[in-house]
Amino acid sequence: INVISMGSDVLNFQTKLSLDEGMSFYRDEFGKLGYTERDILTVTSSTTFSMVFDGHKSGKAIAVQGVDLGDGTINISITLSDI
């Protein structure tokens, strides 16, 4: 895993999870923390996904985006945002 922190509000990394596995992971883990997915903002395709969760103590939304890099890995970007 190659993890890059881009300031306090952005995290970027690559993983061997599939897009579906990545989405399931964040739904499960953020759900356990009491975060709520904004279903209306969830977008998926064969090569990308984007999800937004509410409930972070900062009051900001958590945006999770995944992109298939085509080599068996996906890039995940997690951002705290005023969405």
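Residues numbered from 1 in each chain as written. Predicted model: local features only at pLDDT ≥ 70, side-chain atom pairs only at ≥ 80, totals over all residues. Heavy atoms only, no water.

Digging into a nonpolar patch on the surface
- On the surface, a cluster of nonpolar side chains totalling about 310 Å² of accessible area is made up of I40, L41 and I83.
- With respect to the helices, strands and loops of the structure, L41 is situated in the loop between β3 (36-37) and β4 (43-44).
- Residue L41 is classed as partly exposed on the basis of its relative accessible area, which comes to 33%. (Patch = residues over 30% accessible without salt bridge, like charges linked within 9 Å, V, L, I, M, F, W, Y side chains within 5 Å. Areas by Shrake-Rupley, 256 points an atom, 1.4 Å probe, with all protein chains shown as cover. Salt bridge = Lys/Arg side-chain N within 4 Å of Asp/Glu carboxyl O. Helix = DSSP H or I, 4+ residues; strand = E, 2+ residues; numbered from the N terminus. Buried < 20%, exposed > 50% of the residue type's maximum accessible area, 1.4 Å probe, protein only.)

What about the side chain of T15?
- Here T15 lies in strand β2 (residues 10-15).
- Take T15: its relative accessible area is 12%, and that puts it in the buried class.
- Polar side-chain contacts of T15 include one of 3.3 Å to the backbone nitrogen of L17.
- Residues within four places of T15 in sequence aside, it is in contact with G72, T73, I74 and I76. (Polar contact = N/O pair within 3.5 Å; in protein donor to acceptor, adjacent residues only side chain to side chain. Contact = heavy atoms within 4.5 Å.)

Considering the packing of aromatic side chains
- Evaluated as defined, the whole model comprises four aromatic pairs.
- For the pair F25 and Y26, a centre-to-centre distance of 4.9 Å together with 90 degrees between the ring planes defines the contact as edge-to-face.
- Assessed through its relative accessible area of 8%, Y26 is described here as buried.
- Look at Y26 and F30: their rings are 5.5 Å apart centre to centre, the planes differ by 50 degrees, and that puts the pair in the tilted class. Here F30 and Y26 lie together in helix α1 (residues 19-32), a separation of four residues that amounts to about one turn.
- Taken together through their ring pairs, the aromatic side chains of F25, Y26, F30, Y35 and F53 make up a single cluster. (Phe/Tyr/Trp six-rings, centres within 6.5 Å; stacked < 30°, edge-to-face > 60°.)

Some words on the pattern of salt bridges
- Tallied over the full model, the rule gives four salt bridges.
- The partner of K60 in a salt bridge is D9, with the nearest N and O atoms 3.2 Å apart. In this pair, K60 sits in the loop between β5 (48-54) and β6 (61-68) while D9 sits in the loop between β1 (3-5) and β2, placing the two residues 51 residues apart along the sequence.
- A residue is classified by how much of its surface remains accessible, and K60, at 24% relative accessible area, is partly exposed.
- Judged by relative accessible area, which is 29%, D9 ranks as partly exposed.

Quick word on the nonpolar core
- Formed by 15 residues in total, the largest nonpolar core has its most connected members in Y26, F49, F53, I62, V64 and I76.
- Among the elements of the structure, α1, β5, β6 and β7 (74-81) are those that each provide at least two residues to this core.
- Once you skip the residues sitting within four places of it in the chain, I76 turns out to touch L11, N12, F13, T15, Y26, F49, V64, Q65 and G66. (Core = buried A, V, L, I, M, F, W, Y, C linked by side-chain atoms within 4.5 Å.)

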